[in-house]
Amino acid sequence: MTFMPNAFLTLPQAAVPVLLALVLTSLPTIAAEGPAADAVLIANSRVSVTRAEYDAELLKLPPNLRDGFPNNPRRVTDLLTRMLVTKTLATVAKAAKLDQPPIARLRVELEIDRLLAQFMIEDVEAKAEANFDVNRVRFEVRARESFLVDKAKYSKPEQVSATHILFDTKKHTSDEAKRLAQETRAKILAGADMNKLAREISEDPSAGNNSGSLGWFSEKEMDPAFSAAAFALKSDGDVSEPVLSQFGWHVIRRDGHRPTSTPTFDEVKDAIMAEMKKVYVDDKREEAINAI
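As a starting point, this report considers the structure included with it. From a predicted model like this one, the values you see are computed outputs, not experimental measurements.

## What to know about the overall build of the protein
Stage number 1. Each helix and strand in the protein was counted, giving 12 helices and 7 strands.
Stage number 2. By the burial criterion, 32% of the 292 residues in the protein qualify as buried.
Stage number 3. At a minimum sequence separation of 6, the contacts of the protein that also span at least 24 residues come to 64%.
Stage number 4. Accessible surface computed for the protein: about 18200 Å², of which carbon and sulfur atoms make up 56%.

## Quick look at the layout of surface pockets
Stage number 1. Taken as a whole, the largest pocket encloses approximately 440 Å³ of empty space.
Stage number 2. Looking at the largest pocket, it is lined by 13 residues, and the ones nearest its centre are Thr86, Ala90, Thr91, Lys94 and Val108.
Stage number 3. Those elements that provide at least two residues to the lining of the largest pocket are helix 5 (73–95) and helix 6 (102–134).
Stage number 4. At 6 residues, helix 5 tops the list of elements feeding residues into the lining of the largest pocket.
Stage number 5. Per-class residue counts for the lining of the largest pocket are 5 nonpolar, 2 polar and 6 charged.

## Things to note about the sheet that holds strand 4 (residues 159–168)
Stage number 1. Taken in spatial order, the 4 strands make up an open sheet running 5-4-7-6, and their pairing is antiparallel. With partners counted over all chains shown, the strands left at the sheet margins are strand 5 (213–218) and strand 6 (243–244), one partner each.
Stage number 2. One ladder, built from 10 bridges, connects strand 4 with strand 7 (residues 248–258); its direction is antiparallel. Across the sheet, the residue bridging to alanine 162 is arginine 254, located in strand 7.

## Some remarks on the packing of aromatic side chains
Stage number 1. Counting across every chain of the model gives 7 aromatic pairs.
Stage number 2. Between the aromatic rings of phenylalanine 139 and tyrosine 280, the centroid separation amounts to 5.2 Å while the plane-to-plane angle is 70°, which identifies the pairing as edge-to-face. Taken as a pair, phenylalanine 139 in helix 7 (residues 136–149) and tyrosine 280 in helix 12 (residues 265–291) lie far apart in primary sequence, 141 residues in all. Residue phenylalanine 139 shares its accessibility class with tyrosine 280, and that shared class is buried.
Stage number 3. Residue placement shows arginine 138 over the ring face of phenylalanine 139; its charged tip is 4.9 Å from the ring centre.
Stage number 4. Residue placement shows arginine 258 over the ring face of tryptophan 216; its charged tip is 3.8 Å from the ring centre.

## Quick look at the pairing of strand 7
Stage number 1. Burial of strand 7 is extensive: 8 of the 11 residues sit out of reach of the surface.
Stage number 2. If you look at the hairpin formed by strand 6 and strand 7, you'll find 3 residues sitting between the two strands.

## What about the pairing of strand 4?
Working note: regular strand, side chains alternate between the two faces of the sheet.
Stage number 1. With respect to burial, strand 4 is a largely interior element, 10 of its 10 residues being buried.
Stage number 2. The pairing of strand 4 with strand 5 spans 5 bridges and is antiparallel. Looking across to strand 5, one finds that alanine 162 is bridged to glycine 215.

## Structural notes on the pattern of salt bridges
Stage number 1. Per the stated rule, a full pass over the model turns up 17 salt bridges.
Stage number 2. Among the ionic pairs, lysine 278 bridges to aspartate 282, the shortest N-O distance being 2.9 Å. Taken together, the residues lysine 278 and aspartate 282, both in helix 12 and 4 residues apart, mark about one turn of the helix.
Stage number 3. For aspartate 282, a relative accessible area of 22% puts it in the partly exposed group.
Stage number 4. Members of the salt-bridge network, linked through shared partners, are Glu125, Lys278, Asp282, Arg285 and Glu286.

Cut-offs applied
Residues numbered from 1 in each chain as written. Predicted model: local features only at pLDDT ≥ 70, side-chain atom pairs only at ≥ 80, totals over all residues. Heavy atoms only, no water. Helix = DSSP H or I, 4+ residues; strand = E, 2+ residues; numbered from the N terminus. Buried < 20%, exposed > 50% of the residue type's maximum accessible area, 1.4 Å probe, protein only. Contact = heavy atoms within 4.5 Å. Areas by Shrake-Rupley, 256 points an atom, 1.4 Å probe, with all protein chains shown as cover. 1 Å grid on protein atoms, 1.4 Å probe; cavity = no way out; pocket = protein on both sides within 12 Å on 5 of 7 lines; lining within 4 Å. Points joined across faces, edges and corners; volume = space filled by probe spheres on them. Nonpolar A, V, L, I, M, F, W, Y, C, P; charged D, E, K, R; others polar. Pairing = 2+ DSSP bridges. Phe/Tyr/Trp six-rings, centres within 6.5 Å; stacked < 30°, edge-to-face > 60°. Lys NZ or Arg CZ within 6 Å of the ring centre and 35° of its normal. Salt bridge = Lys/Arg side-chain N within 4 Å of Asp/Glu carboxyl O.

Coordinates in, geometry out; function isn't part of it.
Have a look at this one:
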């Protein structure tokens, strides 16, 4: 197995994936044409894999994963190695005339049919996306109407940010964990640094990294008992009485509060338009399939 260009042949094996990725990122992006398309990326004594073939293989990936693919040299090398193995096996199979029996020919034809069907679906989707973009102003009017009719759908729920210290009832009896929570609350009210205490004694596995800080959350995102206690705190800095959740006994401090808010249309327009475009493309694809 040989990596191309030929300069790679004299390099240590560990350096090949890195330089191969550099070559790929320096060449034109999908799809390469002309000399770049013919560039041989990997080869053995039987076959080679070109840049154009590599680009075609990348089209199997979701669009959001393609651009960053060459940034991982090992991933690129693994893909090219698999392509080389597949192409070599196919060449050997043809030489052995394994594609000649009637059932083999039929299976090849069925695979071609599947691929052509996928091309057709992609063409329908591409035309639908283009039509949506051409008529974007009209769809934006609909998006604004949708927003005005159901603003509540786009509202952001009330949130609080909080810090907590946990005493796990799997490690203590419930009474013992509650007693530890009460003692800890007393220390905090006396002026102890709650974040420092969280790092030292909290039995939440994440406390060593976040010092007990949970960041922003809505009421439905947490254990019901925990949320009820956190949202009941009236002011930033208030510390709760010990609270029992499914995880154990907590002491909770409110660090911040955000009331329920409704964004403006401009703030959510892009999200609404993206959802409308997806629905439009999905509908057009279903229409094409259902017509069959």
